[in-house]
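# Coordinate inspection notes
For reference, the chains in residue letters:
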Amino acid sequence: MAEIIRSVKGTRDFYPEDMAVRRWMFDIIREVSTRFGYQEYDGPCLEFIDLYAAKSGEELVKEQAFVFSSPGDDLLTLRPELTPTLARMVAQQQFEIPMPLRWWSIGPFWRYEKPQRGRTREFFQWNIDLVGTEKVSADAEIVAVAATFLQETGLSPEQVRIFVNNRRLMDSALSRLDIDETLKTSVFRVVDKIDKLSKREWQAFALESGMTQEQVDGLLSLLKDEDLWKESDELVAFFELIQSYGVGDYVAFNPKVIRGLDYYTGTVFEAFEIGGKSRAILGGGRYDNLVADVGGNPLPGVGFAMGDVVMELVLRDAGVIPENLGNISQVIVTVFNEETLSESIKVANTLRDAGYRVVLYPEFDKMGKQFKYADRLNIPVAVILGPDELEKSEVAVKNLRTREQVNVSREMLIEQIEKFLQRSP
RNA sequence: GUGCCUGUAGCUCAAUGGUGGAGCGCCUCACUGUGGAUGAGGAGGUCGUGGGUUCGACCCCCAUCAGGCACCCCA
């Protein structure tokens, strides 16, 4: 066999069974997003690199973006994230769009990373944002959307949890420890590392980043304080509202959640798998200057992003992905020989008009082979149209699960198929 | 960028340095109007690639390519 040209590293092939899982997941995303009144949007996959240079972390553009020059010598990049595109789209029509806007999107993104479990170079990301209000009720709504999604997939609060924190709360708490403004960014990084390093390593890392031993101890007790949120009016209001959404079980306070990006200003949150690998599933928060960097007036907003790769792993491990996804055909119409082919086509079309998913066997193979083919495609019902049936203007309908077979008139065909399908959907 | 592991049939994987196998899948037949089972037969391989050691290499060594995993980084 000739050598097959391999696929590009970090990309995935979606065979029908894979595509069915993706479709299932995306349908839940769409359903939940629109149920909360969000509108679908999208931007181009290609952008000028300048769009990201302004805002995204330097790292993201310089090291992780697919950048290339077009034949016209433009420096282009395959979008590594959607937020800058959203910012531009909003800025371009800032006074046309009714605020607050609720937009969601799902599409492909690219990052030049080293592929490993849960990480590919080409992936899909769900983005959802509520822009134009700084009310804490907006924060609660966005987190409720995330929680509702998790719930709809079948994941339980014992399997996943959304951990919430607040940047302003942490800011003032850090100030109480006499941590200087200039140090805060690196302290946030220290916080971010606490569960990734051993106790000793973490202490060393904390001291290295410029904190005193006293401050490190203070920070440590701060991060253990499960009641810290009560000091924040915003968080108190937030948790009250999230209860009203009925998804309180999925949401919890966690002072360790801080998130790397600089542009978050208030509420920040991350969903994690509980136990197991405790992988991060989605993350987001409040930002107060969405469009400022692309030249518009500052707009407050809140949103999150979720990658499909880790999400699918979590769903798979949790065992919540339904069996038999995808559009399995319901009926196969067999073809006896060349003379009966046109009758088979007519019957197949009748069934299609009635809304069934129908496969017509493409050749004149012997019945055994046609049934075997139906088996492999997991089709539950077969229609047989041979010379005997044609002569009596009947059709034979066979339930391939139970082997039951009956001859019925053409008029009774749909009724009979419906009977078999109800018994084995 | 660093480290570890793996490349053998379409797929999943075996094979003490001495003539490359199994399971699944595929094709044919038993079965010329009825499938999942069973049995019989069959097709299918440059052992990732290139060097080296050896009387002899799938096996040992080196290089290289590809894939996976864990770091680093990050959502």
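Refer to the structure printed above.
These lines cover the structure that appears in this document, whether it is placed above or below. (Residues numbered from 1 in each chain as written. Chains lettered and ligands numbered in written order. Predicted model: local features only at pLDDT ≥ 70, side-chain atom pairs only at ≥ 80, totals over all residues. Heavy atoms only, no water.)

### Things to note about the packing of helix α1 (residues 16-35) against helix α5 (residues 136-153)
Which entries qualify depends on this criterion: Where helices are involved, their axes are fitted lines through C-alpha atoms of the stretch in contact, as for all axes, and angles between N-to-C directions lie from 0 to 180°. By definition, any uninterrupted DSSP run of H or I lasting at least four residues is a helix, any uninterrupted run of E lasting at least two residues is a strand, and each is numbered from the N terminus. Small angles under 35 degrees read as roughly parallel and large ones over 145 as roughly antiparallel, with 65 to 115 read as roughly perpendicular and the rest as oblique. Handedness of a crossing follows from how the near helix is turned relative to the far one, being left-handed for an anticlockwise turn of less than a right angle and right-handed for a clockwise one. The criterion used for residue contact is that any of the two residues' heavy atoms lie within 4.5 Å. For this scheme, ten residues count as nonpolar: Ala, Val, Leu, Ile, Met, Phe, Trp, Tyr, Cys and Pro. Four count as charged, namely Asp, Glu, Lys and Arg, and the remainder, Gly too, count as polar.
Where α1 meets α5, the axes come as close as 10 Å, and the angle between the chain directions of the two elements is 140 degrees. Comparing their axes, α5 and α1 come out oblique. The chirality of how α1 crosses α5 is right-handed. For the pair α1 and α5, the contacting residues are W24, M25, I28, I29, V32 and R35 in the first and V145, T148, F149, E152 and T153 in the second. Residues of the contact of α1 with α5, tallied by class, amount to seven nonpolar, two polar and two charged.

### Notes on the sheet that holds strand β9 (residues 264-273)
The cut-off we apply is this: In this analysis, strands are considered paired if DSSP registers two or more bridges between them.
The eight strands lie next to each other as β1-β5-β6-β11-β10-β9-β7-β8, forming an open sheet whose pairing is mixed. Unpaired on one side and paired on the other, β1 (39-40) and β8 (251-253) mark the two borders of the sheet. Strand direction decides the pairing type here: β1 and strand β5 (residues 101-110), joined by two bridges, are parallel. Looking across to β5, one finds that Q39 is bridged to W103. This element, helix α6 (residues 167-176), spans β7 (160-166), β8, β9 and β10 (280-287) of the sheet and lies at about 55 degrees to β7.

### A word on the packing of α5 against helix α10 (residues 233-244)
Two elements in contact, α5 and α10, have axes whose closest approach is 9 Å; the angle formed by their N-to-C orientations is 45 degrees. As far as their axial angle goes, α10 and α5 are oblique. Of the two possible hands of crossing, α5 and α10 adopt the one that is right-handed. Between α5 and α10, the residues in contact are V136, S137, D139, A140, V143 and A144 and E234, A237, F238, L241 and I242, respectively. Split by residue class, the contact of α5 with α10 holds eight nonpolar, one polar and two charged.

### Re the pattern of salt bridges
Rules: When a carboxyl oxygen of Asp or Glu lies within 4 Å of a side-chain nitrogen of Lys or Arg, that pair is called a salt bridge.
Summed over the entire model, instances satisfying the criterion amount to 20 salt bridges. Its salt-bridge partner being E234, residue R168 comes within 2.7 Å of it at the nearest N-O pair. Here E234 lies in helix α10 and R168 lies in helix α6, a separation of 66 residues in the sequence. As a salt-bridge pair, R286 and D288 come within 3.7 Å of each other at their nearest N and O atoms. One salt-bridge network, in which partners are shared between bridges, spans D139, R168, E234, R286 and D288.

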